[in-house]
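Take a look at the letters that make up each chain.
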Amino acid sequence: MRPWLNKSLSFGILGLFLIALGISFCFLWPTVFHQILQKELALSPTSRSFEMWKDTSNLPPMFMKIYFFNWTNPEELNIKKPHFNQVGPYYFKEVRQKSDIKFNHENKTVSYVQRRIWYFDEERSNGSLSDVITNLDAVTVSGVHKIRFWEVDWQKSLSFLLSSTNRRYYISKTVDELLFTGYSDNLLTMGKMMPIDDVPAFDRFGWFYTRNNSDMDGHLNMETGEDDISQLGILRKWNYRDTTKFFKSPCNVIEGSAGGFWPPYRTKNQISLFSVEICRTITYEYEGTVSHFGIEGYRYTIDKKTLGNDTRRRYPHEQAKYFERTTTTEDFFAAEHLSEMGITTTTESVADDSSSEKNTNEYSDDDPDVINMGNCYCDGECTPSGLMNVTACRFGAPAFISLPHFYKGDSMLLDQVGGLHPNDKDHSFTVTLEPMTGIPLEVIARFQINLLLQPSETVTVFNNVPKIYMPMFWFELKVKISEDMASDLRKLLALPTVMLSIGIAMIAIGLGLIATTVFLYFKNKRRVPTTDVTEKAVDESSDKKTEMVYMDKTSSNNEDPNVRGDRRLYAKLY
Ligand SMILES: *[C@@H]1O[C@H](CO)[C@@H](O)[C@H](O)[C@H]1NC(C)=O
Ligand SMILES: *[C@@H]1O[C@H](CO)[C@@H](O)[C@H](O)[C@H]1NC(C)=O
Ligand SMILES: *[C@@H]1O[C@H](CO)[C@@H](O)[C@H](O)[C@H]1NC(C)=O
Ligand SMILES: *[C@@H]1O[C@H](CO)[C@@H](O)[C@H](O)[C@H]1NC(C)=O
Ligand SMILES: *[C@@H]1O[C@H](CO)[C@@H](O)[C@H](O)[C@H]1NC(C)=O
Ligand SMILES: *[C@@H]1O[C@H](CO)[C@@H](O)[C@H](O)[C@H]1NC(C)=O
């Protein structure tokens, strides 16, 4: 055997091997990376995210900012439109804790109860808890709204009660009373004696009364992403059910993220979240790409699909059977079909993340599965766009959620009141996710709570009031990825590039080795006679000489221990 052939053969084989390995690195890195994501992102008692998810008190503090609308001209309701001054912000540090955590391996979910604790931060606030705010009296407005379809006698008694105690449609209370401490009200005491079925017996009223450090958010059941990371963070059940009783089917279906986690591989389409505060799913639409600490993120924002009153969506009727019938399947079919409505405005796409391929297709009017989501959120009456009716979710109080300052709402909402100035920077609600991993880079949650004031024929105080959606207060909760976490995330995101580079380097080295082999082959071929002589000489001479011949040929590779080993091996074999 020819020594150079042996060596170049081994070079060639090594080269081929490296190329094969390099190619598999280049093609398999998505699979390898996916395995890494699966391992790193899934929620388990030992995962990196677990402690943060369980208790946020050790993380950089997050603050809820609250702004109130102070009504400056309540006496002039019938002659001038209501004018509001925005006051605040009042800062509350927010801590979130999960308890009763139970991992269910049989269905890859985790069950838990969430509580939120707020601490007033006077220093950051622009005002104090004893500031007095004037606005609509939520208790009387809710009372009048609640009994508006009751027998006239009931309504007359309420009317008499209000007039005799000199109650008006507005009230002045401190920030403290309006939020957490609440204030007692004899109307509430009366309410407890009335035949109101679904209203808990609150003795006080406050927008956040009883919510501090309580488990009022209910019992939640969420996917952990174990075995299938594409399910990570999806809320499956709320209070042991997969539907709610607050809206008609299919708007009652619990779907979307529970809030903390989103599955990896986000598209420039949309994401959805189930909010227990407003008892429904919110859809965020892709808005643009932004950067946080040098990491690119997709920014999604609340827009027409959530705020519009005729958002269409493809929702296969057979899906209905997968959900409990808190409302009947007939409701589902009855959810008015858009062709019946004859609506010809923009066609909306599906709010379902998991079938994003289909989402981009425009809907055909003939498709029986295309329904108008705006309709199942209406219960008889529909709201102007820009408002979400949460009456059912708020014990019958005529409460409506919008973006702050009615941003992106029907212009009629703004025309009815004075002092509101919507803009995108201060009033949008956005979620920014790193698209590859689905890790949130920034969440800016902002909502405004409004009450519907409307006239009542029997209740004297409300005889002549106009019908207006009155802004009460709005809040903002901003959470941003910390610099430490961003740096970890950057490392994770660099992995595909590293793997790809290694793959390419391997291919390059492999090609180099093969080229060397080919080169050596031809070089030696040209020297065939000489080689023959050498071989003859080698044949005739001692082992020592052989070794010397090899040493000559491989002298340039002397440092490489492998090659040296090879050389000895060949020599022996020879
Ligand atoms: C709200 O307006 C009332 C009068 O309209 C005023 O007395 C009160 O100080 C205002 N509150 C704040 C916090 O500015
Ligand atoms: C603080 O409140 C005052 C009066 O309500 C307002 O004029 C001012 O702009 C507020 N400052 C900040 C930083 O919001
Ligand atoms: C909320 O509850 C915590 C703990 O019970 C308490 O320390 C805090 O002051 C409360 N916050 C408010 C705003 O009442
Ligand atoms: C998963 O299993 C747990 C425990 O049996 C159960 O409470 C939960 O409702 C199940 N979740 C789903 C989505 O089936
Ligand atoms: C809001 O919803 C409630 C109950 O779900 C319904 O009775 C009411 O008519 C709705 N109001 C508007 C303005 O859509
Ligand atoms: C839906 O919203 C539009 C725009 O705000 C409004 O003109 C229309 O009356 C609303 N539809 C219903 C059924 O209320």
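Residues numbered from 1 in each chain as written. Chains lettered and ligands numbered in written order. Predicted model: local features only at pLDDT ≥ 70, side-chain atom pairs only at ≥ 80, totals over all residues. Heavy atoms only, no water.

- The name that an unreviewed UniProt entry assigns to the protein chain is Protein croquemort, with the source organism given as Cyphomyrmex costatus.
- Under the heading Subcellular location (unreviewed entry), UniProt records this for the protein chain: "Cell membrane".
- For the record of the protein chain, the UniProt heading Sequence similarities (unreviewed entry) holds the text "Belongs to the CD36 family." (UniProt positions renumbered as here; feature names shortened; annotations may be inferred.)

A closer look at the overall build of the protein chain
- When helices and strands are counted, the protein chain shows 17 helices and 19 strands.
- Residues classed as buried in the protein chain amount to 49% of the 574 residues present.
- Considering only contacts in the protein chain between residues 6 or more positions apart, those separated by 24 or more positions represent 68%.
- As displayed, the protein chain offers around 28,500 Å² of accessible surface, 55% of which is attributable to carbon and sulfur atoms. (Helix = DSSP H or I, 4+ residues; strand = E, 2+ residues; numbered from the N terminus. Buried < 20%, exposed > 50% of the residue type's maximum accessible area, 1.4 Å probe, protein only. Contact = heavy atoms within 4.5 Å. Areas by Shrake-Rupley, 256 points an atom, 1.4 Å probe, with all protein chains shown as cover.)

Things to note about the site of ligand 5
- Neighbouring residues of ligand 5: Arg-148, Asp-379, Glu-381, Cys-382, Thr-383, Asn-389, Thr-391, Ala-392, Phe-400 and Tyr-469.
- Contact between ligand 5 and Glu-381: an oxygen atom at 3.1 Å from a main-chain N or O atom of the residue.
- Within the side chain of Asn-389, an N or O atom sits 2.3 Å from an oxygen atom of ligand 5.
- Split into classes, the residues belonging to the shell around ligand 5 amount to four nonpolar, three polar and three charged. (Near = heavy atom within 4 Å. Polar contact = N/O pair within 3.5 Å; in protein donor to acceptor, adjacent residues only side chain to side chain. Nonpolar A, V, L, I, M, F, W, Y, C, P; charged D, E, K, R; others polar.)

Some remarks on the nonpolar core
- Core analysis: the largest hydrophobic core is formed by 106 residues, its most contacted members being Ile-66, Phe-68, Trp-207, Phe-208, Tyr-284, Phe-447 and Phe-462.
- No other element matches strand β19 (residues 468–480), which puts eight residues into this core.
- Contact partners of Phe-462, with chain neighbours within four places excluded, come to Thr-140, Val-141, Val-144, Leu-162, Tyr-169, Leu-453, Gln-454, Pro-455 and Ser-456.
- Counting residues in each nonpolar core, the second largest holds six residues, with Phe-247, Cys-251, Met-373 and Tyr-377 among its members. (Core = buried A, V, L, I, M, F, W, Y, C linked by side-chain atoms within 4.5 Å.)

Considering the confidence of the model for the protein chain
- In the predicted model, the protein chain carries a mean pLDDT of 79, and 79% of its residues have values of at least 70.
- For the protein chain, per-element mean pLDDT is lowest for helix α9 (residues 338–341), which scores 35, and highest for strand β17 (residues 430–433), which scores 95.
- Ignoring residues within four places in sequence, the model shows residues 325–361, a span with pLDDT below 50, making 78 contacts including any to other chains.
- Low confidence marks residues 530–574, where pLDDT is under 50. Its contacts with residues over four positions away, or in another chain, come to 34 contacts. (pLDDT = per-residue confidence, 0-100.)

Topic: the pairing of strand β5 (residues 170–174)
- Most of β5 sits inside the fold, with four of its five residues counted as buried.
- Pairing of strand β4 (residues 132–136) with β5 involves five bridges; the strand directions are antiparallel. Counterpart to Val-132 in the pairing with β5 is Thr-174. (Pairing = 2+ DSSP bridges.)

Some details on the packing of aromatic side chains
- Taken as a whole and assessed by the stated rule, the structure comprises 30 aromatic pairs.
- Judged by centre distance (5.7 Å) and plane angle (70 degrees), the rings of Phe-63 and Tyr-91 are edge-to-face. Here Phe-63, found in strand β1 (residues 62–71), pairs with Tyr-91, found in strand β2 (residues 84–104); they are 28 residues apart in sequence, far enough to count as distant.
- The class for Phe-63 is buried, based on a relative accessible area of 15%.
- The buried category is assigned to Tyr-91, whose relative accessible area is 17%.
- Between Trp-238 and Phe-246 the ring centres are 6.3 Å apart and the planes differ by 40 degrees, which places this aromatic pair in the tilted class.
- Here a set of aromatic residues connected by ring pairs shows up, and it is made of Phe-68, Tyr-90, Phe-92, Trp-118, Phe-120, Phe-180, Tyr-183, Phe-205, Trp-207, Phe-208 and Phe-473.
- One residue, Arg-280, lies across the ring of Tyr-377, its end atom 3.7 Å from the ring centre.
- Residue placement shows Lys-480 over the ring face of Phe-293; its charged tip is 5.6 Å from the ring centre. (Phe/Tyr/Trp six-rings, centres within 6.5 Å; stacked < 30°, edge-to-face > 60°. Lys NZ or Arg CZ within 6 Å of the ring centre and 35° of its normal.)

Things to note about helix α14 (residues 483–526)
- Over its 44 residues, α14 extends 63 Å from the first C-alpha to the last, a length consistent with the 64 Å expected when each residue adds 1.5 Å.
- Taken residue by residue, α14 has Ala-486, Leu-489, Leu-492, Pro-496, Met-499, Gly-503, Met-506, Gly-510, Leu-513, Thr-517, Leu-520 and Asn-524 as its buried positions. (Expected span 1.5 Å × (residues − 1).)

Some points on the site of ligand 4
- Close to ligand 4 lie Asn-104, Glu-106, Asn-107, Thr-109, Asn-221, Arg-236 and Lys-237.
- Glu-106 places a side-chain nitrogen or oxygen 3.2 Å from an oxygen atom of ligand 4.
- In the model, an oxygen atom of ligand 4 is placed 2.3 Å from a nitrogen or oxygen of the Asn-107 side chain.
- Burial of ligand 4 by the protein amounts to 63% of the accessible area it has alone, namely 360 Å².

Concerning a nonpolar patch on the surface
- The grouping of Ile-23, Phe-27, Leu-28 and Val-32 at the surface amounts to a nonpolar patch, some 390 Å² of accessible area in total.
- Residue position: Phe-27 is located in helix α1 (residues 3–41).
- Take Phe-27: its relative accessible area is 65%, and that puts it in the exposed class. (Patch = residues over 30% accessible without salt bridge, like charges linked within 9 Å, V, L, I, M, F, W, Y side chains within 5 Å. Salt bridge = Lys/Arg side-chain N within 4 Å of Asp/Glu carboxyl O.)

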